[in-house]
Amino acid sequence: MATSTKAYGVQSEKDNLKPMDIQRRDVGDDDVKLDITYCGVCHSDIHTARNEWGGSTYPVVPGHEIIGRVTAIGKNVKDFKEGDLVGVGCLVDSCQECAQCKNDMEQFCEKGATFTYNSEDKHLKGQQTFGGYSSSVVVDKEFILRIPENLDEAGAAPLLCAGITTWSPLSHWKVKKGDKVGVIGLGGLGHMGVKFANAMGAHVVMITTSPSKAEDAKKLGAHEVLISKNEEEMAKHQGTFDFILNTIPVGHKMDPYIGLLKVDATMVLVGAVEPLEPFNGGGIIMGRKRIAGSLIGGIKETQEMLDFCGKHNIVSDIELIDIKDINEAYDRVVKADVKYRFVIDMASLKN
Ligand code: NAP
Ligand code: ZN
């Protein structure tokens, strides 16, 4: 059984986002239903809507930075009640039994995690999951996050993806006070990376292609700004970074960034899910350097990040938009022209 629900999505990779109706399952015993109040706009939404990674199944309803209020719960739900402020990130299901799930890394579920959009829906057979550009969603209680009530609701939305995707590698690689940490790319992910690295006590260097963002980067918590197109400036920072978080959304030249790492230091990629330009093996051999990847974060870790944000009053810097302006927002994200995350006011879908 399912209910027709208003949404915004694309019917093909060439399509603009338009209003559409989708089916949401009725509330099961383990489910939580929420009215969506805000949804962030991640670059992954654009990659998926436009089939830039391949594998998109249409229609696509993007959105995995979901904030809302609980409107109904199933009989097995004890931790949430009607009216609670909650969030849903990139994950809505996993087997809960494999080693990865038991180890709180549901994103790497051995049976395959169910992502919030464009995954096979385990409940409504024959359709894929639809994301948060919609008026409501029904999600298993294990994938519902509690949002600290002191946080700005709209600003909290991007924590569900941009927040956890940057928090997880910074904490996994144990970034600490005094480390020199570079964050490449001042967009949705990058600006959260700067805030978190600063809060962890690191010396933060914003590595950007956009000189116009330098002043903002400092306000967000960067101690220095490095313009990556400036070879002289890049040369001054050679071999000095303990850790680099690379959020560039497309394939790119790696050598200039590898050169920035110290001996034994790591650069973590979270953005470029596609072929990278060939890089010189010597760049990592000389200095025992590491290149690693990271995918969002598990549910437990996401709750820890949200609680940290509640305690330190950390939210995203956002541009709030109506749903009708979503196509223009996509074009601006692609041009690296967003300060620093678009968030959709979902009340605008009702009008
Ligand atoms: P975004 O808001 O578009 O930010 C990306 C930033 O990277 C841009 O603002 C720009 O910053 C810089 N940039 C863009 N093109 C570049 C290029 N060709 N060379 C160098 N720098 C470039 O994107 P986002 O939402 O933060 O997402 C970043 C990437 O991470 C996307 O590919 C997204 O799909 C992916 N992602 C991955 C995960 C994961 O779990 N691994 C989770 C969420 C998102 P400057 O103007 O400062 O240079
Ligand atoms: Zn995302």
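To keep things clear, this report deals only with the structure shown in the data block.

**Examining the overall build of the protein chain**
Here comes step 1: In terms of helices and strands, the protein chain carries 12 helices and 17 strands.
Here comes step 2: Oriented by its inertia axes, the alpha-carbon framework of the protein chain measures out at about 60 × 40 × 35 Å.
Here comes step 3: The 351 residues of the protein chain split such that 56% are buried.
Here comes step 4: Intrachain contacts of the protein chain at a sequence separation of at least 6 include 66% that bridge at least 24 residues.
Here comes step 5: When the accessible surface of the protein chain is split by element, carbon and sulfur atoms take 50% of a total near 15,100 Å².

**Concerning the sheet that holds strand β12 (residues 224-227)**
Here comes step 1: The six strands lie next to each other as β12-β11-β10-β13-β14-β15, forming an open sheet whose pairing is parallel. Strand pairing shows two members of the sheet lacking a second neighbour, β12 and β15 (290-293), which therefore form its edges. Each adjacent strand pair in this sheet contributes to an overall mean axis angle of 20°, direction not counted.
Here comes step 2: In this structure, strand β11 (residues 203-208) lies alongside β12, joined through four bridges in parallel fashion. Pairing of Val205 across the sheet is with Glu224, part of β12.
Here comes step 3: Its contacts with the sheet put helix α4 (residues 162-172) on β10 (180-184), β13 (241-246) and β14 (261-269), and the angle it makes with β13 is roughly 155°.

**Looking at the side chain of Thr208**
Here comes step 1: Mapped onto the fold, Thr208 is located in strand β11.
Here comes step 2: Each residue touching Thr208, except ones within four places of it in the same chain, is listed here: Lys213, Val225, Leu226, Ile227 and Ser228.

**Focus: the environment of Ile66**
Here comes step 1: Among the secondary structure elements, Ile66 is positioned in strand β4 (residues 66-73).
Here comes step 2: Judged by relative accessible area, which is 0%, Ile66 ranks as buried.

**Regarding unusual backbone geometry**
Here comes step 1: The omega angle of the peptide bond from Tyr58 to Pro59 is 0°, so this bond is cis rather than trans.
Here comes step 2: Within the fold, Pro59 resides in the loop between α1 (43-49) and β4.
Here comes step 3: In this model, Lys339 is joined to Tyr340 through a cis peptide bond whose omega is -25°.
Here comes step 4: Relative to the assigned elements, Tyr340 resides in the loop between α11 (326-334) and β17 (341-345).
Here comes step 5: Positioned with a positive phi, Gln96 is a non-glycine residue whose angle comes to about 70°.
Here comes step 6: Residue placement: Gln96 occurs in the loop between β6 (91-93) and α2 (99-102).
Here comes step 7: Relative accessible area serves as the criterion here: at 33%, Gln96 is assigned to the partly exposed category.
Here comes step 8: Not every positive phi belongs to a glycine, and Ala336 is a case in point at roughly 60°.

**Focus on the coordination of the zinc ion (ligand 2)**
Here comes step 1: Each protein donor to the zinc ion (ligand 2) is listed here as Cys42 (SG), His64 (NE2) and Cys161 (SG); together their distances run 2.0 to 2.2 Å.
Here comes step 2: Between consecutive donors of the zinc ion (ligand 2), the numbers of intervening residues give the motif C-x21-H-x96-C. Note that Cys42 is positioned in the loop between β3 (31-41) and α1 and His64 in the loop between α1 and β4, a separation of 22 residues in sequence.
Here comes step 3: Among the residues examined, His64 registers a relative accessible area of 8% and is labelled buried.

**Points about the nonpolar core**
Here comes step 1: Leu34, Tyr133 and Ile326 are the most contacted members of the largest nonpolar core, which totals 96 residues.
Here comes step 2: A total of six residues in this core trace back to one element, the largest contributor, which is β3.
Here comes step 3: If we skip the residues at most four places from it in the chain, Ile326 touches Tyr8, Leu17, Val41, Tyr133, Ile321 and Ile344.
Here comes step 4: If you look at the next biggest cluster of nonpolar residues, it comprises 16 residues, including Met234, Ile248, Met254 and Met267.

**What about the packing of α4 against helix α5 (residues 188-199)?**
Here comes step 1: Between α4 and α5, the least distance of the axes is 8 Å, while the angle of their chain directions is 50°. Taken together, the axes of α4 and α5 lie oblique to each other. Seen from above, α4 lies across α5 with right-handed handedness. Between α4, through Ala162, Gly163, Thr165, Thr166, Trp167 and Leu170, and α5, the contact on the second element is made entirely by Gly188, Leu189, Met192, Gly193, Phe196 and Ala197.
Here comes step 2: In terms of residue class, the contact of α4 with α5 is made up of seven nonpolar, five polar and no charged.

**Describing the site of ligand 1**
Here comes step 1: Ligand 1 sits among 28 residues. The nearest are His43, Thr208, Thr209, Ser210 and Arg341.
Here comes step 2: In this structure, a nitrogen atom belonging to ligand 1 sits 2.9 Å away from a main-chain N or O atom of Ser294.
Here comes step 3: Burial of ligand 1 by the protein chains amounts to 89% of its free accessible area of 930 Å².
Here comes step 4: Looking at the shell around ligand 1, the elements that each hand over two or more residues are α1 and α5.
Here comes step 5: Three or more residues apiece are contributed to the shell around ligand 1 by two domains, here domain 1 (2-161 + 297-350) and domain 2 (165-293).

So, how was this worked out
Residues numbered from 1 in each chain as written. Chains lettered and ligands numbered in written order. Predicted model: local features only at pLDDT ≥ 70, side-chain atom pairs only at ≥ 80, totals over all residues. Heavy atoms only, no water. Helix = DSSP H or I, 4+ residues; strand = E, 2+ residues; numbered from the N terminus. Buried < 20%, exposed > 50% of the residue type's maximum accessible area, 1.4 Å probe, protein only. Contact = heavy atoms within 4.5 Å. Areas by Shrake-Rupley, 256 points an atom, 1.4 Å probe, with all protein chains shown as cover. Pairing = 2+ DSSP bridges. Axes fitted to C-alpha atoms, helices over the stretch in contact; angles between N-to-C directions. Donors = N, O, S within 2.8 Å, 3.2 Å for Na, K, Ca; no water. Core = buried A, V, L, I, M, F, W, Y, C linked by side-chain atoms within 4.5 Å. Parallel < 35°, antiparallel > 145°, perpendicular 65-115°, else oblique. Left-handed = near helix turned anticlockwise from the far one by under 90°. Nonpolar A, V, L, I, M, F, W, Y, C, P; charged D, E, K, R; others polar. Near = heavy atom within 4 Å. Polar contact = N/O pair within 3.5 Å; in protein donor to acceptor, adjacent residues only side chain to side chain. Domains from an automatic or database assignment.

Honestly, that's just the spatial picture; any functional story needs more than this.
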